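Descriptive analysis of the structure
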Amino acid sequence: MAADSITLTTQLAATTLNDVASSSEALKAEFSDRVPIRSIISRPDGGAGLAGQQLRVGGWVKTGRKADKDAFAFLELNDGSCPGNLQVIVDAAVADLSPLVPTGTCVAVDGVLKLPPAGTRQKVELRVEKVVHVGPVDPAKYPLPKTRLTLEFLRDCVHLRSRTNTLLESAMLLRMQHIHSFKSMASFMFTLQLLPLVTVRGAGEMFQVTTLINEADKLEKELIKNPPPSAADIEAAQLLVKEKGEAVAQLKSAKARKEDINASVAELKISKENLAKLEERSKLKPGIPKKDGKIDYTQDFFARQAFLTVSGQLQVESYACALSSVYTFGPTFRAENSHTSRHLAEFWMVEPEIAFAELKDDMNCAEAYVRFLCQWLLDNCLDDMEFMADKFDKTCIDRLRMVSSTPFERISYTEAVELLEEAVKSGRKFENQVEWGIDLASEHERYLTEVKFKKPVIVYNYPKDIKAFYMKVNEDCKTVAAMDVLVPKVGELIGGSQREERYEVIQQRIQEMGLPLEPYEWYLDLRRYGTVKHSGFGLGFERMLLFATGIENIRDVIPFPRYPGRADL
C-alpha cells in the first residue's frame, strides 16, 4: 500500500496538463471554477481539439479593441498560467463593451471555444455567452500602457509589474525550477520565494529595521574624538572668507595679472568650502535625529520606517492578481514577548494565494493541503515517523492517518462559541472566558479538536473586530470571511480568509482601524485596477512539524530557534 502511494504521489507530481482529458471539467483549475488558459492554448494542437467545449476563463486584458462599429470586441486575455493569451470575442448584445476593453481590466467569462477563420494566428478562440465578473480600470490612471516598458519604469510599479510579459516569463522559469520541489503545491502554476523580508507595514508586534541607532553611536564616538567647531572657529572662518574676498576684489580693481587673480579666487573658494564644512559639522548633535519632536526617519537607511515582515501575504496578492495561483514559502518575524511552546520570533510560512476563489475554495485548499502533507509523511518518511513514535509521541502515526483520511469538521465561529459555552455549563473549566467576540485561545481550539470532534476543525466567519482589515466583510457587517484550521496537539495550524476586493470597503476598513492610507496605496491599486475576488492562507511550517511529530515545544523543530532572550549564531 505504501509503495503504491509513493508511486501515485510521483505520478501526480509529474503529471502535465497535456495529459489531462479534454473535458471542460477535467480542465478546471483546482479550487476554482475556471479553466486555466495554459490548459487550452499550451496543448500540442493549440487548443483546436477543444473546440465546442463550454467553459469559464478568467484573467486580465492585455489588449482590447472594439470592431465592426462597436458590434463586438476582441480581448487578449492572460491569467498568468502561461505567457500566451487567449483571444476572447464578446458581442455587444452580451455585455457593455466599454468597461471590458481597457488594458488591465479583470474579467471572468463563460463561453464556447470555437475554431477561428482559416489563416489566423490563433488556433482557438472563446465566444462569450456571459460576462461573470468585471474588475474595471480607468485607462487614464492605469500605470501600465500598452507600449513596451523598460525594467527601470517597472521598478516604480513593482506591485503591477507581474502583469507584464517580462515577469510572466520569469515566473515560468520559477515554476520549472521549483514545482517538483514542493509537490504538495503541484496544482499551483507558480511559486514565488523571493518576497521581501523588509516591509513598511504589517500587523501585530514587529521588529524594526533601522540604521539610526548605529549611526548615532558612530556619530557620538566621532564627536568625542573630534568635537564640533566652536562659535569662535566659525567666526574665524567667516573672517577669513571675507579677507579672501576683499583680496580678490583688490586684485581685480588693480587690473592685476590673470594668474594672480585666479590664484586668489582659488584661495577664496577653498576658504568658502572650509567654512561650509565647519557650519555643517556644527549642526551635528549626538543621539537619534529628530524633527518636530519625533524621530526623523527620512535620515534612516530606507528614508522611512521599515520592519521585518510578519507575512508575505500582501505582497504575494499582487502576483495572485496577475498570475492567478501562487504561493510563497519564506521566513516571517513576530516581536511578541511570548514564551509559550507554540511561538517563535522567527518562523517559516507557506502562503498560497488564489484568484477567482471564495472562502469555501480557500477552506477546500487548506484541508486538501494538510491532508496531503500528512499522507506524504506517511508515504515517504515512515521510518522517521516510527522513530518519533518511539521517542516522543506514540500516537503521532495514528494521528497522521486519521487526518489524512478524515474530512474536517466545519463550523462557524458563532457555533464554536455556543459549543464552548455548552461545555462551560457542563462543568468544563477554561482559563480564558468564553463569549462571542473573543479571539479563541489555544485551550478553546484544542477542546474543539481533541474533545468535541476528535479531528481537525475549520472555524469560519469570525467577528470583524478581531480580524485584519484585508478580510472580506460579510453581508451581516459583523463578521468577516476568515477561517482557521484547528488540529489536535497544536490548535491553530492555518489562518486564512477571502480578501476584501471592493475598493471602497477596504479603504473604509483601513481608516476604521486607525491606519494611514499612504503606505497601502499600492495595495489599494490592486482593487482600483482589475480587482478580483481572491483568497489565501498561511500555514506555519514549524507548527505543522509540531503537529506531525508530537514534539512538545516548537523551539525543538527548527534548527536555530529565535525567541525572547535568545538569538544564537
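Above this text you will find the structure in question.
Computed from a prediction, not measured in an experiment: that's the story for all the values here.

Rules behind the numbers
- Residues numbered from 1 in each chain as written.
- Predicted model: local features only at pLDDT ≥ 70, side-chain atom pairs only at ≥ 80, totals over all residues.
- Heavy atoms only, no water.
- Salt bridge = Lys/Arg side-chain N within 4 Å of Asp/Glu carboxyl O.
- Helix = DSSP H or I, 4+ residues; strand = E, 2+ residues; numbered from the N terminus.
- Buried < 20%, exposed > 50% of the residue type's maximum accessible area, 1.4 Å probe, protein only.
- Pairing = 2+ DSSP bridges.
- Axes fitted to C-alpha atoms, helices over the stretch in contact; angles between N-to-C directions.
- Arc of directions from axis to C-beta.
- Contact = heavy atoms within 4.5 Å.

1. Concerning the pattern of salt bridges
Under the criterion given, the structure shown has 29 salt bridges. For the salt bridge of Asp33 with Arg56, the shortest nitrogen-to-oxygen distance reads 2.7 Å. Remark: Arg56 occurs in strand β1 (residues 54-67) and Asp33 occurs in the loop between α2 (24-27) and α3 (38-41); sequence separation between them is 23 residues. Looking at Asp33, the relative accessible area reads 34%, which means it is partly exposed. Residue Arg56 pairs with Asp110 through a salt bridge whose shortest N-O separation is 2.6 Å. Here Arg56, found in strand β1, pairs with Asp110, found in strand β4 (residues 106-114); they are 54 residues apart in sequence, far enough to count as distant. Its relative accessible area of 18% is what places Asp110 among the buried residues. Each of the salt bridges in this network shares a partner with another, and the network as a whole consists of Asp393, Arg399, Lys489 and Glu552.

2. Some details on the sheet that holds strand β5 (residues 125-135)
Here we have 5 strands rolled up into a closed barrel, ordered β1-β2-β3-β5-β4, and mixed in their pairing. Direction aside, the axes of adjacent strands within the sheet are offset by 55° on average. Taken together, the 3 bridges between strand β3 (residues 86-91) and β5 define a ladder with parallel strand orientation. Across the sheet, the residue bridging to Ile89 is Arg127, located in β5.

3. Topic: helix α15 (residues 503-512)
Those residues of α15 that fall on the buried side of the exposure criterion are Ile506, Arg509 and Ile510. Along the long axis of α15, the arc covered by the buried residues comes to 100°, so they all point the same way. Next to the buried residues of α15 lie β15 (479-487) and α16 (521-528). One or two positions beyond α15, positive phi appears at Gly514, with a value near 70°.

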